[in-house]
Amino acid sequence: MKIIDAKVFIGGPAKNYVTLKIMTDQGVYGLGDATLNNRETLPAAYLQDYLIPNLIGLDPRRSEDIWQFFYRGAYFRRGPIAMAAFGAIDMALWDIKGKLANMPVYELFGGLSRDGAMVYAHATGSDLEDLMDSISHYVEQGYKAVRVQCGIPGMPTASYAVPEHKGEGKHYITDFAGIRPKVEVWDTDKYLRYMPDALAEIRDRFGPDLKILHDVHHRLLPREAAEFAKAVEPARLFWLEDPTPAEDQNALRMIRQHSTTPIAIGEVFNSVWDCNRLIEDELIDFIRIAVTYGGGITPVKRIVDLAGLHNVRTGFHGAPSHSPISMAAQSHLNAWAPNFGIQEYLVLGTPECDALFPSDHRMDNGMIHVSDAPGLGVDFDETEAKRYSYKPGSHPVVRLQDGTMWNY
Ligand code: GCO
Ligand code: MG
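In this text the structure is predicted, and so the values were computed from the model without any measurement.

## Some points on the overall build of the protein
- Counting its regular elements, the protein contains 13 helices and 16 strands.
- A globule of 408 residues ought to have a C-alpha radius of gyration of about 22 Å, and the protein, at 21 Å, matches this closely.
- Across its three principal directions, the C-alpha atoms of the protein cover 60 × 45 × 45 Å.
- By residue count, 58% of the 408 residues in the protein fall in the buried class.

## A word on the packing of aromatic side chains
- This model, assessed by the stated rule, comprises 19 aromatic pairs.
- Note on Tyr46 and Phe86: the rings are 5.9 Å apart at their centroids and 55 degrees apart in plane angle, and the pair reads as tilted. Of this pair, Tyr46 sits in helix H1 (residues 41-55) while Phe86 sits in helix H3 (residues 80-101), placing them 40 residues apart in sequence.
- Classification of Tyr46 as buried rests on a relative accessible area of 17%.
- Phe86 gets classed as buried once you look at its relative accessible area, which sits at 2%.
- Ring geometry for Phe69 against Phe70: centres 5.3 Å apart, planes inclined by 70 degrees, an arrangement best described as edge-to-face.
- Ring pairing ties together the aromatic residues Tyr46, Tyr50, Phe69, Phe70 and Phe86, which thus form one cluster.
- Sitting above the plane of the Tyr29 ring, Lys21 keeps its charged end 4.2 Å from the centroid.
- The ring of Trp94 is capped by Lys97, whose NZ or CZ atom sits 5.7 Å from the centre of that ring.

## As for the coordination of the magnesium ion (ligand 2)
- Donor atoms from the polypeptide that coordinate the magnesium ion (ligand 2) comprise Asp215 (OD), Glu241 (OE) and Glu267 (OE), at 1.9 to 2.2 Å from the metal.
- Each donor residue of the magnesium ion (ligand 2) belongs to the same chain, and together they define the spacing D-x25-E-x25-E. With Asp215 in strand E7 (residues 211-215) and Glu267 in the loop between strand E9 (263-265) and helix H9 (272-280), this residue pair connects regions lying 52 residues apart in the sequence.
- By relative accessible area, which is 2% here, Asp215 ends up buried.

Reading guide: rules and limits
Residues numbered from 1 in each chain as written. Chains lettered and ligands numbered in written order. Predicted model: local features only at pLDDT ≥ 70, side-chain atom pairs only at ≥ 80, totals over all residues. Heavy atoms only, no water. Helix = DSSP H or I, 4+ residues; strand = E, 2+ residues; numbered from the N terminus. Rg over C-alpha atoms; globule rule 2.2 N^0.38 Å. Buried < 20%, exposed > 50% of the residue type's maximum accessible area, 1.4 Å probe, protein only. Phe/Tyr/Trp six-rings, centres within 6.5 Å; stacked < 30°, edge-to-face > 60°. Lys NZ or Arg CZ within 6 Å of the ring centre and 35° of its normal. Donors = N, O, S within 2.8 Å, 3.2 Å for Na, K, Ca; no water.

Written as structure tokens, this is what we have:
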């Protein structure tokens, strides 16, 4: 059996999805997602210029050897661009493997461990009351877990994932804002003073059962993050995400020493070498790596197993920049993983998105039910794809009030 061709498509209804389709001489094809948010053309070029020419003629069933060939063969390996490109190939090869076996991919891992996988939605508000409305909206739809972000009184501009005005509950990363980033101005003191009480009020309003998550989006210094993690303990968060930038892993030790608030990190990680110390030293509670930026199912499944040895649960990144293909790959891992925690899940672009990526994966009452179709269980409609093309976008940048650059 041989790979005879592979194509890359960029575009989609709300995001520039980078979709890889690998064709075989037996008519079976596989789909992968290489979407690297706001840098989509780069993994696409890596695939087109370097990887696809080397894929042609290989046996698609040898997914392990193909992963090792690209990873070890890259020399300048790791990093989000290379790993997203390897990841798309790996997903497509598991898709083919499942189709050949006539089984959903989760069966190849060991089968279902649960009936459905709990997801969390993103609630957001320009102020606390606006956020409360947004949370109620998700609770009414049956969500058991909600990530909460809100405007901080006196903050110079709206910050990460917070709308400027009431009722605008929207997410920046769905905007095609052009190449030049929007600038957000951040004030740590105001955030530290306001947010712990706001989280406690949310807990009071919604009661003990709602799972409440909060994303700091890398804004705090280690000592500040430790103070914050301790201050939010009364709110009993399900997790506190990215309290500090991920590069300085010692920061997580500092936070752990001061607080029992569960910590989630890893959405910008690309390999087991970014995760292993935090997992082995048990400095985190949830690992957030995504199958796209983490190089595909093959390496991420190994990370899940390593995490399981240390009581670290999964909480895969699921921002709207992931196409339904990588979300499906994660759904198969979630369905199987003994140490599954939660899945970030944002419904976007439907019905256009469903028309581009038809599937039987189902969201119901805050749970994902994985499709039992062979392979990943998602298709790609090339005719629909013709409606879309690449549009440049950029993440916002963050400055302090005196102009100093900060972390987005
Ligand atoms: C999340 C993330 C995203 C990122 C985005 C960057 O928790 O979902 O923090 O919102 O900002 O994925 O591309
Ligand atoms: Mg995040």
